[in-house]
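Close look at the chain arrangement
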Amino acid sequence: MIESVTVPSPHRVPAPCPYFGRCGGCRLQHLDYPAQLRFKEKQVRDCLERLGAAADFELRPILPAPNAYGYRNKMEFTVAGGGGATVIGLHEADRYDVVLDTERCLLQSEAMNALLAEVRRQARERALAVYDQESGQGLLRFVTLREGRRTGDRMVNIVAAAPDVESLQPVAEALVAQVPSTASVVLNVNAKKAAVAVGTEEHVLVGRDHITERLDDVTFQVSANSFFQTNTLQAERLFTLVEQACELTGGETVLDLYSGTGAISLLLARRCRHVYGIEVATAAVDDAIRNARANAIDNCTFLAGEVRHVLPTLIREGVTAAVVVADPPRAGFHPKALQALVALAPARIVYVSCNPATLARDVGDLLRQGYRLEWVQPVDMFPQTPHIEAVARLRRA
Ligand SMILES: C[S@@+](CC[C@H](N)C(=O)[O-])C[C@H]1O[C@@H](n2cnc3c(N)ncnc32)[C@H](O)[C@@H]1O
């Protein structure tokens, strides 16, 4: 722990958020934005050179985010306390038992902050019971806010321990009255001990069961439990970069590994013959199929299952692909999935990574299997946090 700062770094800036230092959300607010970018860029280079033994590649300058604050389209807050002293906010850093009463979060929009304030006011005024992790008693557990940046739609998802629609309906109506762009207020019921903001049953309290968001010219239906990129504006730029890296001419078959709700597949579908998306979460696959239909995109096939199982099956069925895009979770590729990718032998691989260490490990393996790393471009999706995204383009030698 730092006790005092004797000589401040020239890059130290006053953190604008009053919760900075305690809140687990942002850890780099005290570093000016250009220094944050240099820090992230250096980590990508260090990982690739030291862990991946990659040498002869172009490290493109990191792509800064268009907004250093207010960029998140989704925030998840925990409810704690109780009675008139209900607190709703983010956890203290490394303390899952301490919740800060976050009156305003600088990573979300002012409309989302207005919704957060109204939920808190309603919970206190109505003295709604707060769930207690120890006893398993009480109602309110989490509040998740979502916003369609390109559409202006907003969603409040109240996660509670019981389907108490009667108590929560008036809260939902007050939220819509306060922020009229609120297109959806839903109740997700999680009666289990596990402290997760995902329910096993959902009740629509007001409006629709989803909001809409646009990336480029593709419209997505985003439900309470759907995965969707949390920084819309920077996701558009990230996916434009992916599209350019694919160098599509119209006739290719493309594989989108770890395809989530299909954002990359649907954006690439306009530029190639066919896209196969592979994703383990069946709910995400359902969303991808629904979004393809809603956008009249009929050249995508979404397959549910682990890449290490589904990819070898596709290969056995005779599918070949000129281009593979992969956007794995932090753990990167499973060795069997990487082995299948090498067996498929696409001419180009566009690897989107949220963890430079596993990117470097997997790139190292691909280099040994006859691929050349052409360029890597870090992309800052999450200013004020240490998270780093990068796109790497590999070509079969
Ligand atoms: C970083 S996200 C990709 C998101 C996607 N590109 C999008 O924008 O919707 C990683 C995805 O990999 C999925 N996943 C994790 N392990 C997997 C596996 N072994 N096989 C297939 N998909 C997996 C996760 O469910 C998640 O949707």
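About the thresholds
Within each chain, residues carry numbers counting from 1 in the order of the written sequence. Whole-chain, interface and lining totals are the exception, using all residues; otherwise, since this is a predicted model, local features are given only for residues with pLDDT of at least 70 and side-chain atom pairs are given and counted only at 80 or more. Values shown for side chains rest on all heavy atoms present in the structure; no hydrogens or waters enter the calculation. Only rings of Phe, Tyr and Trp enter the pairing, Trp through its six-membered ring, and a pair is recorded when the two centres are within 6.5 Å. The plane angle decides the type: under 30 degrees is stacked, over 60 is edge-to-face, the rest tilted. Counting from the N terminus, the helices are the DSSP runs of H or I reaching at least four residues and the strands are the DSSP runs of E reaching at least two. Burial classification: accessible surface area is computed with a 1.4 Å probe over protein chains only, and a residue below 20% of its type maximum counts as buried, one above 50% as exposed, and the rest as partly exposed. For a ring to carry a charge above it, either NZ of a lysine or CZ of an arginine must fall within 6 Å of the ring centroid while also lying within 35 degrees of the normal to the ring plane. Think of it this way: DSSP has to see at least two bridges between two strands before they count as a pair. Working rule for contacts: check all heavy atoms of both residues, and any pair within 4.5 Å makes them a contact. To get an axis, a line is fitted to the C-alpha atoms, and for a helix only the part in contact is used. The angle between two axes follows their N-to-C directions and goes from 0 to 180 degrees. What a helix is expected to span follows from its residue count: subtract one and scale by 1.5 Å. Polar contact is defined as a pair of N or O atoms within 3.5 Å, subject to the rule that within protein one atom must be able to donate a hydrogen and the other to accept it, and that residues adjacent in sequence are counted only when both atoms are side-chain atoms. Any residue with at least one heavy atom within 4 Å of a molecule or strand is counted as near it. The protein chains shown are the only cover counted for residues, whose accessible areas, like all others here, come from Shrake-Rupley with a 1.4 Å probe. Only Asp, Glu, Lys and Arg are considered charged, only Ala, Val, Leu, Ile, Met, Phe, Trp, Tyr, Cys and Pro nonpolar, and every remaining residue, Gly among them, polar. As used in this record, nonpolar core signifies buried Ala, Val, Leu, Ile, Met, Phe, Trp, Tyr and Cys residues forming a set joined through side-chain atoms within 4.5 Å. The split into domains, and so the bounds of each, comes from an automatic or database assignment of domains.

Now for the packing of aromatic side chains. On inspection of all chains with the given rule, the structure shows 3 aromatic pairs. With 5.5 Å between their ring centres and 80° between their planes, Tyr258 and Phe333 make a pair best called edge-to-face. In this pair, Tyr258 is assigned in the loop between strand E12 (253-257) and helix H5 (263-269) and Phe333 in the loop between strand E15 (323-326) and helix H8 (335-344), connecting sequence segments 75 residues apart. Overall, the relative accessible area of 19% leaves Tyr258 in the buried class. With a centroid separation of 5.6 Å and 55° between ring planes, the pair formed by Phe333 and Tyr351 is classed as tilted. Taken as a pair, Phe333 in the loop between E15 and H8 and Tyr351 in strand E16 (residues 348-353) lie far apart in primary sequence, 18 residues in all. The same class applies to Phe333 as to Tyr351, namely buried. One cation-aromatic arrangement involves Arg60 over Trp375; the distance from NZ or CZ to the ring centre is 4.0 Å. One Lys or Arg, Arg141, reaches over the ring of Tyr131 and ends 3.8 Å from the middle of that ring.

Strand order across the open sheet formed by 8 strands is E1-E17-E18-E16-E15-E12-E13-E14, with mixed pairing between neighbours. The sheet is open, and its two borders are formed by strand E1 (58-59) and strand E14 (300-304), each paired with just one other strand. Note that strand E13 (residues 274-279) and E14 share 5 bridges and pair parallel. If you follow Glu279 over to E14, its bridge partner there is Ala304. Its contacts with the sheet place helix H1 (residues 33-51) against E1, strand E17 (371-379) and strand E18 (389-396), and it is angled at close to 160° to E17. On the sheet, helix H9 (residues 356-368) packs against E16, E17 and E18 and is oriented at approximately 160° with respect to E16.

For the rest of this paragraph, the subject is the sheet that holds strand E6 (residues 140-147). Read from one edge to the other, the open sheet built from 6 strands follows the order E3-E2-E6-E7-E8-E9, with strand pairing classed as mixed. The open sheet is flanked by strand E3 (87-89) and strand E9 (201-207), the only strands paired with a single partner. Neighbouring strand axes in the sheet, compared pairwise and without regard to direction, differ in orientation by 20° on average.

Another aspect to go through is H1. In this model, H1 (19 residues) spans 27 Å end to end at C-alpha, consistent with the 27 Å of a helix rising 1.5 Å per residue. Burial in H1 covers these residues: Tyr33, Ala35, Gln36, Leu37, Lys40, Val44, Asp46, Cys47 and Leu48. Tucked into the core, H1 has its buried residues touching E1, H9, E17 and E18. Between the side-chain oxygen of the N-cap and the backbone nitrogen of Ala35 there are 2.9 Å, and the N-cap of H1 in question is Asp32. Backbone geometry just downstream of H1 places Ala53 in the positive-phi region, at approximately 50°.

For the ligand, the set of nearby residues contains 17 residues, the closest of which are Gln229, Glu279, Val280, Val307 and Asp327. Within the contact set of the ligand, an oxygen atom lies 2.6 Å away from a side-chain nitrogen or oxygen of Glu279. Here Glu306 contributes a side-chain N or O atom positioned 3.4 Å from a nitrogen atom of the ligand. Compared with its free state, where it exposes 610 Å², the ligand has 82% of that area covered by protein. The class makeup of the residues in the shell around the ligand is 9 nonpolar, 5 polar and 3 charged.

Ranked by internal contacts, the top residues of the largest apolar core, which has 80 residues, are Val156, Leu168 and Val325. Among the elements that line this core, the one with the most residues is helix H4 (residues 232-246), at 7 residues. Each of domain 1 (34-67 + 231-396) and domain 2 (74-209) accounts for three or more of the residues forming this core. Those residues in contact with Val325, other than ones at most four positions away along the chain, are Val242, Cys246, Val254, Leu255, Asp256, Leu257, Ile264, Leu268, Val350 and Val352. Residues Ala54, Val310, Ala337 and Val376 belong to the second largest nonpolar core, which totals 38 residues.

On to the environment of Val325, then. Position of Val325 relative to the elements: it lies in strand E15. Classification of Val325 by relative accessible area gives buried; the value is 0%. Counting along the chain gives 26 residues from Val325 to Tyr351, while the straight-line C-alpha distance between them is 5.8 Å.

Assigned domains within the protein: domain 1 (34-67 + 231-396) and domain 2 (74-209). Spacing between the C-alpha centres of domain 1 and domain 2 amounts to 33 Å.

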